Amino acid sequence: MKNIKILEKYKKKIELLKKFNKQYYDSNKPSVSDSEYDELKKEILSLETKYKFLKSKDSPSKLVGYKPSKNFKKDYHRVPMLSLANAFSEDDLVNFEKKILNFLSKDKNYKISYSAEPKIDGISASLTYKDGYFERGLSRGDGKEGEDITANLATIKDIPKKILDKDFPKDIDIRGEVFIQNSDFENLKEKFANPRNAASGSLRQKNSEDTKKIPLNFIAYTFGFENNLKQKKQSEYLKKLDEWGFKTNPLNKTISGVKNLIQNYNEVEQQRANLDFDIDGIVYKVNDFELQKRLGHIANAPRWAIAHKFSSNKAISKILDIDIQIGRTGALTPVAKIKPINIGGVLVSNATLHNEDEINRKDIRIGDTVTVERAGDVIPHILSVDIKKRPNSSSKFIFPNKCPSCGSKTVKEFNKVTKKTDAVRRCSSEGYFCNKISIEKLKHFVSKEAFNIDGLGKKIIEGFWKLKLLKFPQDIFKLDYKKIERLEGWGSLSVENLKYSINQKKTISLEKFIFSLGIRHIGLENAKLLSKHFISFSNFKNLSKAKSYNDLLNIDGIGETQVGSIKNFFANDLNLKILSELGKILEIKNAVVNQTNGLLKNKSFLVTGKLDGVSRAEIKSLIEENAGITVSSVSNKLNYLIVGDKPTKRKLDSAKELKIKIINQDEFLKMLNKTS
Ligand code: IVH
């Protein structure tokens, strides 16, 4: 890559990091998870290591956190608030100790004693005490300069306002972590992604009366400036903190030897779900202050301490209950309600158990201690059960044989094609008879790939349903807007917006319409095939009068399973009523038969990465409307690779290798004589 391109890429990443920092620190509304944020930081640092000419004052190598927000007066820390380097494995710890021994010129048998302290995931604060009185409290800010949040900190009951102990230094900055307990976070869940954001938000209230309403806690673990501190070791200092009236972490320990550090790490990780505060690792500090002083720090982190982080996608927790959720197709999905645990910055309290067979296979029970994995945006799931921790009183989980919503029998279907019984158990009722299925059907109806109604998301559908504002799809187009306007959280403007977006969607293509009905086994692709076959809504609707559905088997791609499902759909009078009602309200456009002539004739396309303002589905239909073809992988059959934001590297590389034309969104739109 040319230097200019590298610089551009670097600058883009720095700008993105600045944006995330601002969201996080100024408005407490992060748009990415902690692990995505860490990933971005890592990418920037590795670019800087590789290309020495890359420099920025906003680089994470220069910054600790983010500049203080404008809401508070700023002040300098008398001693900077440093950050910690991270360790993720035993090797990282071995290296950490090796470097210390080298620096101190000690041989490898020298025993270093560490203070091992669970790392609370909260917001750090520095409290200045003069003559025993709490005088001033600063947030970390950028490490050098913090915000003066004295008034807010003073509302925290764990922060002593006056310390008269004769041992307490005359002038000292006590440092520690402000946090919210998980149980208290339950009431703040709607507003914040995790307890840490909630703590940060509460600490940044302009009015300390608002901070007071939120139960903040404080745990002390270090100091900044000090005058005449008598203790010589971190463990002694922690003990003293206790005596002076501060809370310290009950799980703090003094340990030596990497093997013992690992053992303690594993033990604490096991206990994590039982703690009422979030920890994201263990901090190890060389216990002896004299050695700490000699070791000093590199850039913004001390040589004498490291944070051993827990895996960002796995955690151990306990199953509190097993809930049965009912999907649009009646499938009963068991969900484990677990003791909330922070996995990669997201507080996880649910994990899917997939289906009845999965529960039986893994013999998952209420009360079990389990390892939960959360990878990317996928729903967290249970990796394994720790049988040793199973309570004696536990009993096998019995899957319900009646639908928990409507009481209908639950059944496991026999799949004629695979000749196997389904792993999934379903509610045997007919669609809209079961309340839970109805709600899910409505959510599907308005979803992105279907009617895609802006401002009518899942939560709103649920709310409207509970208020009996809608029951069937046609009700969406006959909403009582006067009633909605009177609901909490709604006003005339938001109602106008909703009305506008609903009215806009009254015109729809036949394929999207068919898809939106949520007929089982009829996804986007099959809906498209059916729409091409029927061409018009009335032809489709008249299927109810057909003597046989076997004709449909002639459609390439439609098989017996789909035909059976369509037959069931049309055999239901309620479905027919819905079809006819919707037919009266909507303008359902005829299908466009394959364009044989168009601007993209005989050209094939593949999209990689995120496009700006257009969905994949829309690009696909644009291509097809113009006689082009979309393919699903890079091969020599591909003519153009359309590249968006964060493309798949593998696709890009193979396209380059095969000398396939690589274009961006604008270039693609230009081929259609359009601009974005
Ligand atoms: S010591 C130079 N001790 O972790 C030492 N920090 O990434 C820096 N933290 O900003 C702090 N528990 O917010 C220390 N027992 C502990 C800690 C701890 C949590 C946080 C703190 C700090 C961050 C470092």
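Note that the coordinates shown come from a computational prediction; the quantities given were computed from them, not determined experimentally. Within each chain, residues carry numbers counting from 1 in the order of the written sequence. Reporting in this predicted model follows two pLDDT cut-offs: at least 70 for local features of residues, and 80 or more for side-chain atom pairs to be given and counted; totals over whole chains, interfaces and linings ignore these cut-offs and use all residues. With hydrogens and water stripped out, all remaining heavy atoms of the structure feed into the side-chain values.

A. Highlighting the packing of helix 3 (residues 90-103) against helix 9 (residues 258-271). Angles here are taken between N-to-C directions and fall from 0 to 180 degrees, while the axes themselves are lines fitted to C-alpha atoms, restricted in helices to the stretch in contact. Numbered from the N terminus, helices here are DSSP runs of H or I no shorter than four residues, and strands are runs of E no shorter than two. Orientation of helix 3 relative to helix 9, taken along the N-to-C sense of each, is 140°, at an axis distance of 10 Å. By the angle between their axes, helix 3 is oblique relative to helix 9. As helix 3 runs across helix 9, the sense of the crossing is right-handed. Mapping the contact onto sequence places Glu 90, Leu 93, Val 94 and Glu 97 in helix 3 and Val 258, Lys 259, Leu 261 and Ile 262 in helix 9. Under the scheme applied here, ten amino acids are nonpolar (Ala, Val, Leu, Ile, Met, Phe, Trp, Tyr, Cys and Pro), four are charged (Asp, Glu, Lys and Arg), and all others, including Gly, are polar. Taken together, the residues that form the contact of helix 3 with helix 9 break down as 5 nonpolar, no polar and 3 charged. In these notes the angle categories are as follows: under 35 degrees is roughly parallel, over 145 is roughly antiparallel, 65 to 115 is roughly perpendicular, and the rest is oblique. Two helices crossing with the near one rotated counterclockwise from the far one by less than a right angle form a left-handed crossing, whereas a clockwise rotation gives a right-handed crossing. A contact between two residues is defined here by any heavy atoms of the two lying within 4.5 Å.

B. Inspection of the side chain of Arg 196 at higher detail. Locating Arg 196 in the fold gives a position in helix 6 (residues 195-203). Exposure classes here rest on a 1.4 Å probe applied to the protein chains alone. A residue is buried below 20% of its type maximum, exposed above 50%, and partly exposed in between. When its relative accessible area of 18% is taken as the criterion, Arg 196 is described as buried. As used in this structure description, the phrase polar contact means that two N or O atoms lie within 3.5 Å; if the pair is within protein, one of them must be able to donate a hydrogen and the other to accept it, and residues adjacent in sequence are counted only when both atoms belong to side chains. Looking at Arg 196, its side chain comes within polar contact range of the side chain of Asp 121, at 3.2 Å.

C. Focus on the site of the ligand. Here, proximity means that at least one heavy atom of the residue falls within 4 Å of the molecule or strand. Taken together, Leu 82, Leu 84, Glu 117, Lys 119, Ile 120, Ser 124, Arg 140, Glu 177, Tyr 221, Val 283, Lys 285 and Pro 302 form the complete shell of residues around the ligand. One nitrogen or oxygen atom from the side chain of Tyr 221 is found 3.5 Å from an oxygen atom belonging to the ligand. Surface accessibility follows the Shrake-Rupley procedure with a 1.4 Å probe radius. Residue values consider only the protein chains on display as shielding. Protein burial of the ligand: of its 510 Å² of free accessible surface, 88% is covered by the chains. Put simply, the parts of the chain that give the shell around the ligand at least two residues each are strand 3 (113-120) and strand 10 (279-286). Looking at the shell around the ligand, the element that brings in the most residues is strand 3, giving 3 residues. Of the residues contributing to the shell around the ligand, the split by class is 6 nonpolar, 1 polar and 5 charged.

D. Here's a closer look at the packing of aromatic side chains. Between rings of Phe, Tyr and Trp, where Trp is taken as its six-membered ring, a pair exists when centres lie within 6.5 Å; planes separated by under 30 degrees are stacked, by over 60 edge-to-face, and by other angles tilted. If you walk through the whole model with that rule in mind, you get 25 aromatic pairs. Arranged with centres 6.1 Å apart and planes meeting at 35°, the rings of Phe 96 and Tyr 114 form a pair that is tilted. Highlighted residues: Phe 96 in helix 3 and Tyr 114 in strand 3, separated in sequence by 18 residues. Here Phe 96 matches Tyr 114 in class, with each residue buried. Judged by centre distance (5.6 Å) and plane angle (65°), the ring pair of Phe 179 and Phe 277 falls under edge-to-face. Of this pair, Phe 179 sits in strand 7 (residues 171-180) while Phe 277 is found in the loop between helix 9 and strand 10, placing the two residues 98 residues apart along the sequence. Summarising the burial analysis for this pair, Phe 179 and Phe 277 share the class buried. Linked through ring pairs, Tyr 129, Phe 134, Phe 168, Phe 223, Tyr 237, Trp 244, Phe 246 and Phe 289 together constitute an aromatic cluster.

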